[in-house]
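# Results of the structural survey
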Amino acid sequence: MRHASASPPLLTPVLIAGSLILMIGFSIRASFGVFQIPIASEFGWARAEFSLAIALQNLAWGFGQPIFGAISERLGNRVAVLIGGALYALGLVLSAFAITPGQHQLLEIIVGFGVAGTGFGVILGVVGRATPEKHRSMAMGIATAAGSAGQVFGAPVAEILLGYMSWQSVFLIFAAVILLAMLAVPFLNAPDAHGENEPAEPLGVVLARALKDPSYILIFLGFFSCGYQLGFITAHFPAMVTEMCGAIAPNGMLAGIGITTTSILGAVSISVIGLANIVGTITAGWLGARYSRKNLLAGVYVLRTIAAATFILLPITPVSVLLFSVVMGALWLATVPLTAGLVAHIWGMRYMATLYGIVFLSHQIGGFLGVWLGGKMYDLTGDYTLVWWIGIGVGAFSAIVHLPVRENRAPAVVAAA
């Protein structure tokens, strides 16, 4: 008597290892905004100086993503992640000894390439190939949520450590943690990038076809605002809260749990965003397996636009900061499993890491502008209001451009199925 084969599990060693690497890598990346004021204060720099360093990190991450995607597909995912981890740690160690804006800006480029090698492009490609179609969207949601889990404790841990040691020592500790995360790399075993029902075409042919596809271009353009908003908030929101938020009541509930200053609230807000995003990304992964991904993406951007406009139009208070952090957190990386899943669905898994990596470049160009403009506009105007409204505008743009995306599979993939 033949028995039906057991359903393949959702949780696998690949998913767990990939999630761990993302969690640690993103916990450190999400903490850079906490260093804005300490570094600028120590050297007497304008806010734009270290902002440009973080902006260049985002840009290098974007350019590095398709490069590491190609390395993953040609030399193996583990090689790509190990190179990324080494660059990440090296950049942090050297940054600890940097004393000029130019040095920080150059070294954050190395950190950015390290983030690319240990980030979504490579890890989601591995997870996607190791996960059957029925679980793929959910697995990508879980892996993305792991990055958010890191964000929950990354900024607060950095804030706590800065209370006991210099920012240079914190950078060295973070470098050691990244190297420890590389112990999970041996578990990143996944099938070759060749899908069972996908055409054996060279990367160049598939890439040329995708770049001529209007849907691919629209997805590329739409991911820009996600990077702009996330880059700005990660780098500047702690400082924005510190300087623009109303005072915390000394006898209130927040003071009772140790949040006594707006500086602490700024760091905690990044943690709250990460906590809410764990739920948001897993929910997005679940919804992406059942409903139109392009429509879900448009909905996410509409809700972000409404939340951001409401926040800046109302007085900024500790309550509004926390409420915005929860709402924005639920929408924070919900775009990632949906966008990655859309790319994989339309063009297949074989070159997913490279194709998604190119789309992610748009995200990081947006991140570069969000971080850099945040610092530049602050130095020109004295606050973050104008750059915040620019983010609201690009969010509305992304909601619109996702609507015409064609969600059916590309002809070459269908023909081989």
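Residues numbered from 1 in each chain as written. Predicted model: local features only at pLDDT ≥ 70, side-chain atom pairs only at ≥ 80, totals over all residues. Heavy atoms only, no water.

### A word on helix α16 (residues 352-381)
Filter applied, for reference: Secondary structure follows DSSP: runs of H or I at least 4 residues long count as helices, runs of E at least 2 residues long count as strands, and numbering of each begins at the N terminus. A helix is expected to span 1.5 Å multiplied by its residue count minus one. Here the bend at each residue means the angle between axes fitted to two seven-residue stretches, the one ending at that residue and the one beginning there. Any residue under 20% of the maximum accessible area for its type is buried, any over 50% is exposed, and the rest in between are partly exposed; the area is computed with a 1.4 Å probe on protein chains only.
Taking 1.5 Å per residue, 30 residues should reach 44 Å; α16 reaches 42 Å between its end C-alpha atoms and fits that length. Most pronounced at Ile358, the bend in α16 amounts to some 25°. Burial runs high along α16: 23 of the 30 residues are buried. Immediately downstream of α16, the backbone of Gly382 shows phi near 90°, a positive value.

### Here we look at the nonpolar core
Worth spelling out the cut-off: The term nonpolar core refers to a set of buried residues drawn from Ala, Val, Leu, Ile, Met, Phe, Trp, Tyr and Cys, joined through side-chain atoms within 4.5 Å. Domain start and stop positions are those given by an automatic or database domain assignment. Two residues form a contact once any of their heavy atoms are found within 4.5 Å.
Judged by nonpolar contacts, the single largest core of 123 residues is most densely connected at Phe35, Leu92, Phe120, Ile233, Phe237, Met240 and Trp388. Sort the elements by how many residues they give to this core and helix α10 (residues 214-244) lands first, with 13 residues. Taken together, domain 1 (11-187) and domain 2 (202-408) each give at least three residues to this core, which thus spans both. Excluding residues within four positions of it along the chain, Phe120 makes contact with Leu22, Phe26, Gln65, Gly125, Thr144, Leu333, Val336, Tyr356 and Phe360.

### Topic: the packing of aromatic side chains
Defined as follows: Two rings belonging to Phe, Tyr or Trp (six-membered ring only in the last case) form a pair when the distance between their centres is within 6.5 Å. Interplanar angles under 30 degrees mark stacking, angles over 60 mark edge-to-face geometry, and anything in between is tilted.
Using the criterion set out here, one finds 21 aromatic pairs in the structure. Seen in terms of ring centroids, Phe223 and Tyr356 are 6.2 Å apart; in terms of plane orientation they differ by 55°. Their pairing is tilted. One end of the pair, Phe223, is in helix α10; the other, Tyr356, is in helix α16, and 133 residues separate them in sequence. Across the pair, Tyr356 and Phe223 agree in class, each one buried. Within the aromatic cluster, the residues linked to one another by ring pairs are Phe232, Phe237, Phe311, Phe324, Tyr378, Tyr384 and Trp388.

### Thoughts on the environment of Ala255
By secondary structure assignment, the location of Ala255 is in helix α11 (residues 253-256). Along the primary structure Ala255 and Leu221 are separated by 34 residues, whereas in three dimensions their C-alpha atoms are 43 Å apart.

### Re a nonpolar patch on the surface
Note the threshold: Patches here: salt-bridge-free residues with over 30% relative accessible area, like charges joined within 9 Å, nonpolar side chains (Val, Leu, Ile, Met, Phe, Trp, Tyr) joined within 5 Å. Note on areas: Shrake-Rupley, 1.4 Å probe, and residue coverage restricted to the protein chains presented here. Salt bridge, as used here, is a side-chain nitrogen of Lys or Arg placed within 4 Å of a carboxyl oxygen of Asp or Glu.
Residues Leu211, Ile217, Leu221 and Phe397 make up a contiguous nonpolar surface patch of roughly 320 Å² in combined accessible area. Within the fold, Leu221 resides in helix α10.

### Topic: the environment of Val93
Along the chain, the position of Val93 falls in helix α4 (residues 77-95). Distance from Val93 to Phe174, taken between C-alpha atoms, is 8.7 Å for residues 81 residues apart in sequence. Apart from the residues lying within four places of it in its own chain, the contact partners of Val93 are Leu172 and Ala175.

### Here we look at the packing of helix α1 (residues 13-29) against helix α6 (residues 120-130)
This is how the line gets drawn: Here, axes are lines fitted to C-alpha atoms. For helices the fit covers the stretch in contact, and angles between N-to-C directions go from 0 to 180 degrees. Convention used here: angles under 35 degrees read as roughly parallel, angles over 145 as roughly antiparallel, angles from 65 to 115 as roughly perpendicular, and any remaining angle as oblique. Handedness of a crossing is defined here by the sense of rotation of the near helix relative to the far one, left-handed for an anticlockwise turn of less than a right angle and right-handed for a clockwise turn. Polar here means any residue other than Ala, Val, Leu, Ile, Met, Phe, Trp, Tyr, Cys and Pro, which are nonpolar, and Asp, Glu, Lys and Arg, which are charged; Gly is therefore polar.
In contact at an axis separation of 9 Å, α1 and α6 are set at 165° when each is read in the N-to-C sense. Classified by the angle their axes make, α1 and α6 are roughly antiparallel. Along this stretch, α1 crosses α6, giving a crossing that reads as left-handed. Residue-level inspection shows Val14, Leu15, Gly18, Ile21, Leu22 and Phe26 of α1 in contact with α6, the latter providing Phe120, Ile123, Val126, Val127 and Ala130. Residues that form the contact of α1 with α6 fall into these classes: 10 nonpolar, 1 polar and no charged.

### Regarding the packing of helix α13 (residues 293-313) against helix α14 (residues 318-331)
Their axes nearest at 10 Å, the elements α13 and α14 cross at an angle of 170°. Compared by their axis directions, α13 and α14 come out roughly antiparallel. Note on element contacts: α14 touches α13 through Ser320, Val321, Phe324, Val327, Met328 and Leu331, opposite Val300, Leu303, Arg304, Ala307, Ala308 and Phe311. Of the residues in the contact of α13 with α14, the class split is 10 nonpolar, 1 polar and 1 charged.

### Re the domain arrangement of the chain
Inclusion rule: Throughout, buried area stands for the accessible area (probe radius 1.4 Å) lost by two parts on being put together, summed over both. Between N or O atoms, a polar contact is any pair within 3.5 Å; within protein, one atom must be a potential hydrogen donor and the other a potential acceptor, and residues adjacent in sequence are included only when both atoms are from side chains.
For the chain, the domain assignment lists domain 1 (11-187) and domain 2 (202-408). Relative to domain 2, the C-alpha centre of domain 1 lies at a distance of 17 Å. The interface is formed by 47 residues belonging to domain 1 together with 52 residues belonging to domain 2. Buried area between domain 1 and domain 2, both sides added, is near 4100 Å², and the carbon and sulfur share of it is 69%. Area buried by domain 1 at its contact with domain 2 is led by Arg47, Glu73 and Gln151, which between them contribute 15% of it. Here domain 1 is connected to domain 2 by 0 salt bridges. Run the count over domain 1 and domain 2 and you get 4 residue pairs in polar contact (both at pLDDT 80 or more). Elements supplying a minimum of two residues to the side of domain 1 that touches domain 2: α2 (36-43), α3 (47-75), α6 and α7 (133-162). For the side of domain 1 that touches domain 2, the element with the highest residue contribution is α3, accounting for 18 residues. Class assignment for the residues of the side of domain 1 that touches domain 2 results in 25 nonpolar, 15 polar and 7 charged.

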